[in-house]
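# Working through the structure, step by step
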Amino acid sequence: ESGLLHCNKLPAEKKARKLPHRIVCLGDSITSHGFFAGELQLYLSCRYPQEKIEVFNAGIGGDTASDGFRRLERDVLSRAPDMAIVCFGMNDVGRDLFRTRLPSSGEEAALREKCFQSYCENMKKIVDALVANNIEVVVMAPFPYDEYGSRPAPDQKYEYCNCIGLEKLAAH
């Protein structure tokens, strides 16, 4: 995992490192429509005005980590970046499986676990492929809140608990 850098696990000491000049942001609609790539480009252009730094947005709405792996060659490796920022999870979690806090059945629990395992496997394949191509990798955890309804009081049945699944993905 030498090329993997988790945002919540930054090294204690800053090491001198080469400035990336080509960055690809790979993800789902949060990447695509979240303005992250544009804000990053603006920041880097202002911070390092003498450097030519390119930031590419390779986010596609509705994508999962599996989709990202399938388009890795076309959307990332073909651009020969120094760094890739990867963010998936919202579509991987199986959103409809989290309409209640606890699984409604053993089948639903198994499907939740299947989604989690698929996400982990595909994120590992993405990171391994990037590292194998000498690309520095930053993995951003999925945003752990995506409710699509209001929750009742804590002493009642929780509904619309997609954040539970996203929190699990973010922890890995």
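The structure we're discussing is the one just above.
The present account deals with the structure reproduced in this document. (Residues numbered from 1 in each chain as written. Predicted model: local features only at pLDDT ≥ 70, side-chain atom pairs only at ≥ 80, totals over all residues. Heavy atoms only, no water.)

## Digging into helix 2 (residues 36-47)
Helix length check: helix 2, at 12 residues, gives a terminal C-alpha distance of 16 Å against a target of 16 Å (1.5 Å per residue), a fit within 8%. Taken as a whole, helix 2 has its buried residues at A37, L40 and L44. All buried residues of helix 2 fall inside an arc of 60° around its axis, so they share one side. Away from its buried face, by an angle of more than 90 degrees, helix 2 presents the exposed residues E39 and C46. Where helix 2 is buried, its residues meet strand 2 (22-27), strand 3 (54-59) and strand 4 (83-87). (Helix = DSSP H or I, 4+ residues; strand = E, 2+ residues; numbered from the N terminus. Expected span 1.5 Å × (residues − 1). Buried < 20%, exposed > 50% of the residue type's maximum accessible area, 1.4 Å probe, protein only. Arc of directions from axis to C-beta. Contact = heavy atoms within 4.5 Å.)

## Considerations on unusual backbone geometry
Most of the time, phi is negative for any residue but glycine, and the peptide bond is trans. Despite not being glycine, F35 shows a phi value in the positive range, around 65°. Assignment of secondary structure puts F35 in the loop between helix 1 (29-33) and helix 2. Here the phi dihedral of A80 falls at roughly 45°; this positive angle occurs in a residue that is not glycine. Looking at the element boundaries, A80 is found in the loop between helix 4 (72-75) and strand 4. According to the relative accessible area criterion, A80 is exposed, its value standing at 55%.

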